[in-house]
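# Architecture and fold: a report
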Amino acid sequence: SLIHQERTTSIQPDVLTPQSTTMSGSNAPLYAKRSLRVINAESDDGSTEYKRQVHKLSTSRLHTLATQMSYRLDEGHGRCTYHIGVEDDGCHSVLDYSAVSESAWVLESIARSLNAVVLERKMIQNEIEMSDDGKLKLVDNINDVLVVEEPPVLSSGVDEFNCEDEKEEKSCGDDEEASKKKSVRKLSAADEAYTRCELTIQRVETHLLDPSPLSLSSLSRGSSFADGVNGAVEASTLSNLERLKLSSPASTSCRKEESKVAGETNDTQHTVNTVEETLSTRNIRVAVVGNVDAGKSTMIGTLTTSFLDDGRGSSRTSIMKHRHEIESGRTSTSSSHLLGFRHSGEPIAGRDKIRANKMKTEDEIARESYRIVTLMDLAGHEKYLKTTIHGVSSGFADYAIVLVNSRHPPTHMTQHHLNLCCSFGIPIIVVFTKIDGCPEHALATSKNELAKLLKSPEIGRRPFAIKTEQDIITSMGKLHTLAPTIDISCVTGEGLDLLRKMLFSLPKRRRHEKKVDRPFEFLVEDIFLNVPGVGSVVSGFVNAGELNVGANCNVYVGPTNDGTFLKTVAKSAHVARINTSHITAGQSACLAFSLNKELRKKLRRGMVVVQESPTATKEFDAEICVLKGEGTTIRRSYQAYVHILNVRQSAFARDIQIVNNNALGLPPSHNAKEDTEGIVLRPGSRAKVRFEFAQRPEYIRPGMRMLFRDGRVRGVGIVTGIPQ
């Protein structure tokens, strides 16, 4: 019934003579007339694809097929089925075994380039027979059809998923005895043995694969099919067909039960990890800050592309967004870049090994990686300080890398960046760049000056030099008191391996998965009003909860300038350029909305997307602490620029109440005190302040961390309540 799904409803077939099945040019019209229908017609959507034959392909055609296979895998949530030797209308292509086997080998190689493997390879013969009058027809007896399950041509390298005993094989849903009976009948390689093939392809994480993914370029230059397949006809046994049962529920339960019996833990047993888990539970966000000439973009470009810099800015040009940034060498916007690692800690190369000018996309890196480090490139110039503050405030960084030019002592911007990171409680890693050709006395001066900054009361960290892998292990777990320092050069590559190992070893600090049970909350960081073929799209961070997008997914977007929220439908979502129907807390995602042209104009940065009907407020209460440093006076009607996660707007201090008059043991001149105009806050003071936004209402809830500044960072705090 699987093979002849439409035998009872198919059209009356046009019979084919054996001469019409040749590939010669004179018989091409007859060859194209195939109407022996064996399965349903192909659908443009879904996870099933039909192919007549795939052979002798160019590189561009291979990339087209790879894109098509990636789409089918996405449609099937990581699994798809290919029917080889079948027309788009479901009719048999009447090809021999060698042509179908070669096509299956090419498709399997393309699958490996997409970090996918073949779970099942079925060769089907004897569906077509010769009638008494010498014409081709479908067989009358379905039991005469030969179905043989062949092992994949390419080795999978995943031994953890082999079923080891007969009982488990039966529980996984495979009847071994029946399969062995079928395997007695051998496939025929004769020209008249018309064959078709069914390939079941499953996407897996690269850290589960032993060989590296195949390159499409090498496949197009390609060795012959015989080099990859030695005796495929004779290899039609079922000894290895239980491999790679990766995502079926039955096989998963088998492995879980076996691990319980054996007493294994999750630390010693590799499990199948989805891209969603990689991008949420194993994604560490690192903010990269430093002075304008420290080399932040160059370091990120070198790490993500795995190519050294030429000393003239070749690495930074691969990650910069705007033309003026490339021309001036100064980053003016905040951007995120993925650095992937395999299970062993080996970094994922950001460029193709064959084509050095071809960068890997975010979805390719995400699918190959076991752990991801998101490097947030922030501006270093003083005039872009507000952009940097907003990036740290809304970036949910687990850690911060502070870059220092080893050839020059730390500047006042380095001190601002250190204070900014410590104000948000973000652990610090210090990286000294450009050590190639740096005089020893200049490097020693830079380290001494930085040590003074780190040991100051405002920061309170002790520098700890990282020289070996053992130093990395020693510093783990002590990052709130230590500030590891690493010396690197993006030109010679010195210290980059230690930095990569340091990034891979960092533990996850923010546990966003614990916020899945809370109401859905998506913070909008950027907007795209008119994406061709899609409409309005917003990008941002899922702060809490989870969402299943679709035609019935109603959400509220806002607040607008008048404080109202727009009710719309979240049509689709992307995570790391991967189309998905489900997003969860801890992911950076994009959402597409159903909004008309008038409503699109109301979208802005700083909005929030929620499912429950929300309310906006123009006033909020916060408990603040004025930072020590340059003198400033805060009293009633004091105006500052407030950053609350992704919200940034001017606000007035409407009311001030003293919390602790001398909590930090400061001299009386630094304490909050009463004067003729009310309470005055000095550096080091703590107080409860009611703020009022100057322009429009915003979505604020208790518990959000805030920062306020008037040119420089003046204080930090936490939202404690919303007035009724």
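What counts and how
- Residues numbered from 1 in each chain as written.
- Predicted model: local features only at pLDDT ≥ 70, side-chain atom pairs only at ≥ 80, totals over all residues.
- Heavy atoms only, no water.
- Helix = DSSP H or I, 4+ residues; strand = E, 2+ residues; numbered from the N terminus.
- Buried < 20%, exposed > 50% of the residue type's maximum accessible area, 1.4 Å probe, protein only.
- Contact = heavy atoms within 4.5 Å.
- Areas by Shrake-Rupley, 256 points an atom, 1.4 Å probe, with all protein chains shown as cover.
- Pairing = 2+ DSSP bridges.
- Axes fitted to C-alpha atoms, helices over the stretch in contact; angles between N-to-C directions.
- Parallel < 35°, antiparallel > 145°, perpendicular 65-115°, else oblique.
- Left-handed = near helix turned anticlockwise from the far one by under 90°.
- Nonpolar A, V, L, I, M, F, W, Y, C, P; charged D, E, K, R; others polar.
- Phe/Tyr/Trp six-rings, centres within 6.5 Å; stacked < 30°, edge-to-face > 60°.
- Patch = residues over 30% accessible without salt bridge, like charges linked within 9 Å, V, L, I, M, F, W, Y side chains within 5 Å.
- Salt bridge = Lys/Arg side-chain N within 4 Å of Asp/Glu carboxyl O.
- Lys, Arg positive; Asp, Glu negative; His and termini not counted.
- Charge placed at Lys NZ, Arg CZ, Asp CG, Glu CD.

## Notes on the overall build of the protein chain
Across its full length, the protein chain carries 18 helices and 31 strands. Buried positions account for 51% of the 724 residues belonging to the protein chain. Sequence-distant contacts in the protein chain: of pairs separated by 6 or more residues, those separated by 24 or more amount to 74%. As presented, the protein chain carries roughly 32,900 Å² of accessible surface, and 47% of it is formed by carbon and sulfur atoms.

## Looking at the sheet that holds strand 7 (residues 195–203)
Pairing in this open sheet of 5 strands is mixed, and the strands run 1-2-7-3-6 from one edge to the other. Of all strands in the sheet, those with a lone pairing partner are strand 1 (48–51) and strand 6 (146–150), marking the two edges. Looking at each pair of strands side by side, their axes are set apart by 20° on average, direction ignored. Running over the sheet, helix 2 (residues 59–75) touches strand 1, strand 2 (79–84), strand 3 (116–125) and strand 7 and is turned about 130° from strand 2.

## Some details on the packing of helix 13 (residues 385–394) against helix 14 (residues 412–423)
Closest axis-to-axis distance for the helix 13/helix 14 pair is 11 Å, and the angle between their directions is 25°. Taken together, the axis directions place helix 13 and helix 14 in an arrangement best described as roughly parallel. In this structure, helix 13 crosses over helix 14, and the sense of that crossing is right-handed. Contacts from Leu385, Thr388, Ile389 and Val392 of helix 13 reach helix 14 at Met413, His417 and Leu420. Residues that form the contact of helix 13 with helix 14 fall into these classes: 5 nonpolar, 2 polar and no charged.

## Looking at the packing of helix 2 against helix 3 (residues 97–113)
Relative orientation and spacing of two packed helices are given, respectively, by the angle between their axes and the distance between those axes. At a closest axis distance of 10 Å, the pairing of helix 2 and helix 3 adopts a crossing angle of 70°. In terms of orientation, helix 2 lies roughly perpendicular with respect to helix 3. Crossing of helix 2 over helix 3 shows right-handed handedness. Only Val106, Leu107, Ile110 and Ala111 of helix 3 make contact with helix 2, whose side of the interface consists of Leu62, Leu65, Ala66 and Met69.

## Some details on the packing of aromatic side chains
For the coordinates displayed, the defined rule picks out 6 aromatic pairs. An angle of 75° between the planes, with centres 6.4 Å apart, marks the rings of Tyr638 and Phe708 as edge-to-face. Placement of Tyr638 in the loop between strand 24 (619–626) and strand 25 (639–644) and of Phe708 in strand 30 (residues 705–709) is noted, with a sequence separation of 70 residues between them. Judged by its relative accessible area of 1%, Phe708 falls in the buried class.

## Side note on the sheet that holds strand 13 (residues 462–465)
Ordered by their spatial adjacency, 7 strands build an open sheet running 9-10-8-11-12-14-13, and the pairing between neighbours is mixed. Each end of this open sheet is capped by a strand with a single partner; those strands are strand 9 (335–341) and strand 13. Pairwise comparison of adjacent strand axes, ignoring direction, gives a mean angle of 30° for this sheet. Relative to strand 10 (residues 371–377), strand 8 (residues 283–290) is paired through 6 bridges, and the arrangement is parallel. Bridge assignment links Val286 to a residue of strand 10, and that residue is Leu375. Seen against the sheet, helix 15 (residues 440–455) touches strand 11 (399–405), strand 12 (428–433), strand 13 and strand 14 (482–487) and runs at an angle of roughly 165° to strand 12.

## Considering a negative patch on the surface
On the surface, Asp44, Asp45, Glu75, Asp88 and Asp89 cluster together into a negatively charged patch. Structurally, Asp88 can be placed in the loop between strand 2 and helix 3. For Asp88, a relative accessible area of 49% puts it in the partly exposed group.

## So, the pairing of strand 16 (residues 535–544)
The side chains of a regular strand alternate, residue by residue, between the two faces of the sheet. Counting buried positions along strand 16 yields 10 of 10 residues, so the element is predominantly enclosed. Pairing of strand 15 (residues 521–531) with strand 16 involves 8 bridges; the strand directions are antiparallel. If you follow Phe528 over to strand 16, its bridge partner there is Val537. The hairpin turn running from strand 15 into strand 16, its antiparallel successor, is 3 residues long, and Gly533 in that turn takes a positive phi close to 80°.

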